[in-house]
Amino acid sequence: MRIPASDAHNRWHPALEPVASVQPGAEVTLETRDGLDGQLTPESTNADVLTLDLGLGHPLTGPLYVEGAQPGDLLEVELLAFEEDSFGTTAIIPGFGFLADVFTEPYLVKWRIEGGLARAAELPGVAIPRATFPGVVGVAPSLELLERFRAREEAIRDAGGAVADPAPETAFPTAARDGLRTIPPRETGGNLDIRQLVAGSRLFLPVHGPGALFSIGDLHFAQGDGEVCGTAIEIAGAVTVRFRVDRGGARRFPSYVAPSEPARGPWFATTGIPVDVGMDVNAAARAALLEMIDHLAVRLDVERAAAYALCSVAVDLRISEVVDVPYPLVSALLPLDVLTDDQSLSGTA
């Protein structure tokens, strides 16, 4: 069975009609639009990033009704294979991203994808290998859970926290207008951005309604742990999955089994130590990332915004330690196999 990308929605809602019914054990391929729903093209410029309607984001193919899945069950989603478009984007969107206060101007990296590698004019000498996974994957909440999520997030907003606006005017289909935005991850899955969910992995999702109502989209050709600028290499494509239902096995949050990662060869890493604020892992991550951006901009002779985008698609943020008071340490690791000019990044900039 193959589900076209036209069978899509961009809000989570249990009232959405399933686009198909699937038996556990059957393989199904879902075609997907890119996470920004085609708003950026090979002809787009940096200025076009300012015109993005983020309310259109994350069109998801589905929902699929998985026969036999009931509330309290655990839905196992086996990711079997991916198909990728030949074009992708990484956008720095003002006001969005881990360093939004540092990178305040729009910037766009346009990737050409061929032979399992992504290359961009904005980053000469760089080739990012395929490591495709879905940024957004999940099941629908029950009506009761939907209202609980909504109330919880409104409380966060009222306390001054960052919560995406509902933007019902950009929701589709009409039945999803009072649904939940796909921006955050939740207990039902969603915008997980777990780059280990490549082909061969298995994701386990708690079921909260009959048939689970499974949806997927927002494929990433590659991403670093952290997706620091807010976007990965965003692509359209397709994913083939297979389901299994574990009776009564639901857990609170999603879990997964991932295949071992292929050896990437040597890494170059910077570190961050929050010497001015003490035990703050977030500050340590910012410091490590800023060190890496500054180093790459000089070593690769690219704009700092391009270096930031490269970090979002290839650099992994790792917590190295959180016990050595008064400072934790975060490492930012770049696999050197993404550099096609065989240039060393070690030493002083």
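Everything below is about the structure printed above this text.
Model, not experiment: these values are computed from the prediction. (Residues numbered from 1 in each chain as written. Predicted model: local features only at pLDDT ≥ 70, side-chain atom pairs only at ≥ 80, totals over all residues. Heavy atoms only, no water.)

### Points about unusual backbone geometry
With an omega of 0 degrees, the peptide bond running from Gly62 to Pro63 counts as cis. With respect to the helices and strands, Pro63 occurs in strand 5 (residues 60–66). Although it is not a glycine, His58 sits at a positive phi angle of roughly 60 degrees. If you trace the backbone, His58 turns up in the loop between strand 4 (27–32) and strand 5. Look at Ala167: it is not a glycine, yet its phi comes out positive at around 45 degrees. (Helix = DSSP H or I, 4+ residues; strand = E, 2+ residues; numbered from the N terminus.)

### Observations concerning the packing of aromatic side chains
Applying the stated criterion across every chain, the model contains two aromatic pairs. With a centroid separation of 4.3 Å and 20 degrees between ring planes, the pair formed by Phe103 and Tyr308 is classed as stacked. Here the residue Phe103 occupies a position in the loop between strand 7 (87–92) and strand 8 (107–114), and Tyr308 occupies one in helix 3 (residues 304–314), the gap between them amounting to 205 residues. Comparing Phe103 with Tyr308, the two get one shared label, buried. The interplanar angle of 75 degrees and the centroid separation of 5.0 Å between the aromatic rings of Phe214 and Phe243 together place this pair among those described as edge-to-face. One end of the pair, Phe214, is in strand 15 (residues 214–220); the other, Phe243, is in strand 16 (residues 237–246), and 29 residues separate them in sequence. Relative accessible area serves as the criterion here: at 0%, Phe214 is assigned to the buried category. Since its relative accessible area comes to 3%, Phe243 is described here as buried. In this arrangement the basic side chain of Arg251 is found over the ring face of Phe204, its NZ or CZ atom lying 5.7 Å from the centre. (Phe/Tyr/Trp six-rings, centres within 6.5 Å; stacked < 30°, edge-to-face > 60°. Buried < 20%, exposed > 50% of the residue type's maximum accessible area, 1.4 Å probe, protein only. Lys NZ or Arg CZ within 6 Å of the ring centre and 35° of its normal.)

### Structural notes on the nonpolar core
Counting 73 residues, the largest nonpolar core has Leu75, Ile128, Phe214, Ile233 and Phe243 as the members making the most contacts within it. When residues in this core are grouped by element, the largest group, nine residues, is from helix 3. In contact with Ile128, other than residues within four places in its own chain, are Trp111, Gly116, Leu117, Ala118, Phe221, Ala222, Ile233, Leu310, Val313, Ala314 and Val338. (Core = buried A, V, L, I, M, F, W, Y, C linked by side-chain atoms within 4.5 Å. Contact = heavy atoms within 4.5 Å.)

### Looking at the sheet that holds strand 17 (residues 255–257)
Reading across the sheet, the six strands line up as 1-4-16-6-14-17 and stay open at both edges, with mixed pairing between neighbours. Because the sheet does not close on itself, it has two edges, and the strands there are strand 1 (2–3) and strand 17. Two elements, strand 4 and strand 16, share six bridges in a ladder whose sense is antiparallel. Considered in strand 16, the bridge of Leu30 is made with Val239. (Pairing = 2+ DSSP bridges.)

### Some words on the sheet that holds strand 20 (residues 329–335)
An order of 18-20-19 is seen for the three strands of this open sheet, with the pairing classed as antiparallel. Single-partner strands in this sheet number two, and they are strand 18 (267–272) and strand 19 (316–321). Within the sheet, the average angular offset between the axes of one strand and its neighbour, ignoring direction, is 30 degrees. Taken together, the five bridges between strand 19 and strand 20 define a ladder with antiparallel strand orientation. The partner of Glu321 across the bridge, within strand 20, is Leu329. Here helix 2 (residues 281–299) sits on the sheet in contact with strand 18, strand 19 and strand 20, set at roughly 130 degrees to strand 18. (Axes fitted to C-alpha atoms, helices over the stretch in contact; angles between N-to-C directions.)

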